[in-house]
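Next come the chains, spelled out residue by residue.
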Amino acid sequence: MLKLCWKDFYITRLFLIPVPFFFVILLNTFVFSGFLFFTAGILLTFAMVISIPLIEDKYRTEQIMLSLPVTKQSIVLSRYVSSFFITGIGMILYFVSGSLYSSIFKDKIVSLTSVVSLEGGAVFLFTSLLLTVLFLPLHFKLGITKALLVFPAFMAVFSAVVWLGIESTSLNPRTLLNPPLFIFLLFLLFSSLTLLSIFLSIKAYKLKEL
Amino acid sequence: MEPALEINKLRKEYKDFKLNDISLHLPSGYIMGLIGPNGAGKTTLIKLILNMTQRKSGEIKVFGLDNLTHETDIKSRIGFVHEEPHYYGYLKVKEIRSLFSRFYTNWNNDLFFSLCGEFSLPLNKRIAALSRGTKMKLSLALALSHDADFLLMDEPTTGLDPVFRRDLLRKFSEVIQNENKTVLFSTHITSDLERTADYITYIQKGEILFSCTKDHLFETWGLVKGGNEVLNRETHRFFKGVQRGPYSFKALTADKEKVRRAFSGKNILIDKPSLDDIMFLLSKGEINA
């Protein structure tokens, strides 16, 4: 599986090398709105994550890769590991950019202080990873093109369900972020979601006709 | 010695096509040609061997190992050459080597570079800039450089110029000089098989119509020619496929001696069939079960 992760970085390295530069430059556009800065950071990180399947799809290398001494299961697992690793890189870049702009503009942009914080970082990481674990089963089931078309609709439904769930419990998530129990439950929920996502991805990819 | 490939009652179903309980046996150290018309199931069979697609039922053993439970062991002993080799177009030939070599414990860099020299492969050229024939050479170099015991090739000669095709076929023969090496290649260019194959397997509409040694095929099968007056319901049953003209017919038999006896005294001619004749009459002629 590590060989496959290495392969993912080897084939994307040419595309990932200039990303830090774009990350810092692009985020500069959104420094005056904490929410936009956060959203742009998430989207850039997600773009880095999907660069691997996009490249594989463009060059139609799936069959050649499957002729190597690997299993479909190891391909799926390695994709999760690579994606999580890239998400980690995205978070670092997000923090570096945020800190950089906070120090440059200082008092002029108060909006970044809440986003580039421990709490903000946790939300960034959780949201980025959530996007990945929701996207990958769709990718392995439908292929990258269809998955990218379906994903926005899927996310809209998912967000609506989560929002309705929160509304119906009359709990404010912002006030609940601090208690350790809430963080633990969030972690548990995310871990279960990741396991379910991996299970669905493996099942879908094994059934996929290549 | 374990057979290189053993397939038992393999079934795969699509909406409009199925591989119908096929069985196949390929001893180690031989070249088997898999022929059949387009859409016959050749590529599906190769994909099933490599576990790229899921079977409905049946069993595939490579070197005596089940291809589902020993997938990585088996694949590390297989060299695969695809009909249209797709690699990352922006990588150079030498980078593709770096990528592939990590997956094989038996990878031999010296052999790879020697094959690159033999095939005139430009190490510093990007894949996107290579012609189809050159990509096929690269594919073959990659397949041979990890000392594969079993070469699996899906239409490797399709679309190649005659000179390179001959080179490729010569290379196959060289590869199996080492008697542990086995080659299975699918093609619809029958002349390639007449030059190199030891075994011929004919697949049509998802069924194997025959699988035997090339020598046996040419010794026992015959192309029968004669006037239409000798062809009737009784004599028709001797043939696997018949093509009728206005006055004469051409038919294929799997037992030319039997036909010779049955048609004794009648004006017929029995020739050695070419693989083209066999393929044509089995796919286009009036078929007898």
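Please read these numbers as outputs of a predicted model, since none were measured by experiment.

A few words on the overall build of chain A. In terms of helices and strands, chain A carries ten helices and zero strands. Going from the N terminus to the C terminus, chain A shows its helices and strands as α-α-α-α-α-α-α-α-α-α. A burial count over chain A gives 43% of its 210 residues as buried. Summarising the internal contacts of chain A: among those between residues at least 6 apart in sequence, 79% fall at separations of at least 24. Summing over all exposed atoms, chain A offers an accessible surface of approximately 11000 Å²; the carbon and sulfur share of this is 77%.

Let us look at the overall build of chain B. On a plain count of helices and strands, chain B comes out with eleven helices and 15 strands. Burial statistics for chain B: of 289 residues in total, 56% are counted as buried. For chain B, the proportion of contacts with a sequence separation of at least 24, taken over those separated by at least 6, is 68%. Surface accessibility of chain B: about 12800 Å² in total, with carbon and sulfur atoms responsible for 45%. Looking at chain B, you have 42 positive and 36 negative side-chain charges, and the mean spots of the two groups are 4 Å apart.

Along helix 3 (residues 93-101) of chain B, eight of the nine residues are buried, which leaves the element largely enclosed by surrounding structure. All of the buried residues along helix 3 of chain B are V93(B), E95(B), I96(B), R97(B), S98(B), L99(B), F100(B) and S101(B).

Before going further, it helps to examine the sheet that holds strand 7 (residues 150-154) of chain B. Residue and element names in this part refer to chain B. Read from one edge of the open sheet, six strands run 6-7-8-3-9-10, paired in mixed fashion. This sheet does not close on itself; its edge strands, each paired only once, are strand 6 (78-81) and strand 10 (207-213). Across the sheet, the mean angle separating the axes of adjacent strands is 15 degrees when strand polarity is ignored. Sheet topology note: the strand 6/strand 7 ladder contains four bridges and is parallel.

Okay, a nonpolar patch on the surface next. Where nonpolar side chains cluster on the molecular surface, the patch consists of F21(A), F22(A), I25(A) and L26(A) and spans about 410 Å² of accessible area. Mapping F21(A) onto the fold places it in helix 2 (residues 19-28).

A few words on the interface of chain B and chain A. Each partner contributes residues to the interface: chain B has 28 residues there, and chain A has 30 residues. Surface buried jointly by chain B and chain A totals about 2900 Å² across both partners, of which 63% is contributed by carbon and sulfur atoms. For the chain B face of the interface with chain A, the top three residues by lost area are Y88(B), Y90(B) and F103(B), together amounting to 27%. One can count two salt bridges joining chain B with chain A. For E209(A), the salt bridge goes to K12(B), with nearest N and O atoms at 2.6 Å. On inspection of chain B and its partner chain A, the count reaches eleven residue pairs in polar contact (both at pLDDT 80 or more).

This brings us to the pattern of salt bridges. All names here are of chain A. The final tally for this structure, using the stated rule, is 15 salt bridges over all chains. Of the charged contacts, one joins D8 and K7 as a salt bridge, the two residues approaching to 2.9 Å between their closest N and O atoms. With relative accessibility at 1%, the residue D8 sits in the buried group. Taking relative accessible area as the criterion, K7 reaches 3% and is therefore assigned buried. Between R79 and E56 there is a salt bridge; the shortest N-O distance is 3.1 Å. Here the residue R79 occupies a position in helix 5 (residues 72-105), and E56 occupies one in helix 3 (residues 34-58), the gap between them amounting to 23 residues. Through salt bridges with shared partners, a single ionic network connects K7, D8, E56 and R79.

The relative placement of two aromatic rings is captured by the distance of their centres and the angle of their planes. Residue and element names in this part refer to chain A. Using the criterion set out here, one finds 26 aromatic pairs over all chains in the structure. Taking the centre distance of 4.0 Å and the plane angle of 15 degrees together, the rings of Y94 and F124 count as stacked. Taken together, the residues span a long stretch of sequence, with Y94 in helix 5 and F124 in helix 7 (residues 118-142) at a distance of 30 residues. Accessibility expressed as a relative area gives 0% for F124, which makes it buried.

Here we take up the environment of F151(A). All names here are of chain A. Within the fold, F151 resides in helix 8 (residues 144-168). Along the backbone, F151 and L131 are 20 residues apart, and their C-alpha atoms lie at a distance of 9.5 Å. The contact partners of F151, leaving out residues within four places of it in the chain, are F46, L131, L134, F135 and L138.

Residue and element names in this part refer to chain B. Two strands pair when backbone bridges link them, and strand 9 (residues 199-204) and strand 10 are joined in this way by six bridges, in the antiparallel orientation. Its bridge partner being in strand 10, Q204 is matched across the sheet by E207. Taking the residues that link successive antiparallel strands as the turn, the strand 9-strand 10 hairpin has two residues, and the phi of K205 there is positive, at about 50 degrees.

Glancing now at the pairing of strand 7 of chain B. Residues and elements named next belong to chain B. For strand 7, a buried count of five out of five residues is recorded, marking the element as mostly surrounded by other parts of the structure. Side chains F150, L152 and D154 of strand 7 all project onto a buried face; the interleaved residues L151 and M153 project onto the opposite face, where all are buried too. In the sheet, strand 7 pairs with strand 8 (residues 182-187) via five bridges, with the strands oriented parallel. The residue bridging L152 from the neighbouring strand is L184, located in strand 8.

What counts as what
- Residues numbered from 1 in each chain as written.
- Chains lettered and ligands numbered in written order.
- Predicted model: local features only at pLDDT ≥ 70, side-chain atom pairs only at ≥ 80, totals over all residues.
- Heavy atoms only, no water.
- Helix = DSSP H or I, 4+ residues; strand = E, 2+ residues; numbered from the N terminus.
- Buried < 20%, exposed > 50% of the residue type's maximum accessible area, 1.4 Å probe, protein only.
- Contact = heavy atoms within 4.5 Å.
- Areas by Shrake-Rupley, 256 points an atom, 1.4 Å probe, with all protein chains shown as cover.
- Lys, Arg positive; Asp, Glu negative; His and termini not counted.
- Charge placed at Lys NZ, Arg CZ, Asp CG, Glu CD.
- Pairing = 2+ DSSP bridges.
- Axes fitted to C-alpha atoms, helices over the stretch in contact; angles between N-to-C directions.
- Patch = residues over 30% accessible without salt bridge, like charges linked within 9 Å, V, L, I, M, F, W, Y side chains within 5 Å.
- Salt bridge = Lys/Arg side-chain N within 4 Å of Asp/Glu carboxyl O.
- Buried area = accessible area lost by both parts, 1.4 Å probe.
- Polar contact = N/O pair within 3.5 Å; in protein donor to acceptor, adjacent residues only side chain to side chain.
- Phe/Tyr/Trp six-rings, centres within 6.5 Å; stacked < 30°, edge-to-face > 60°.

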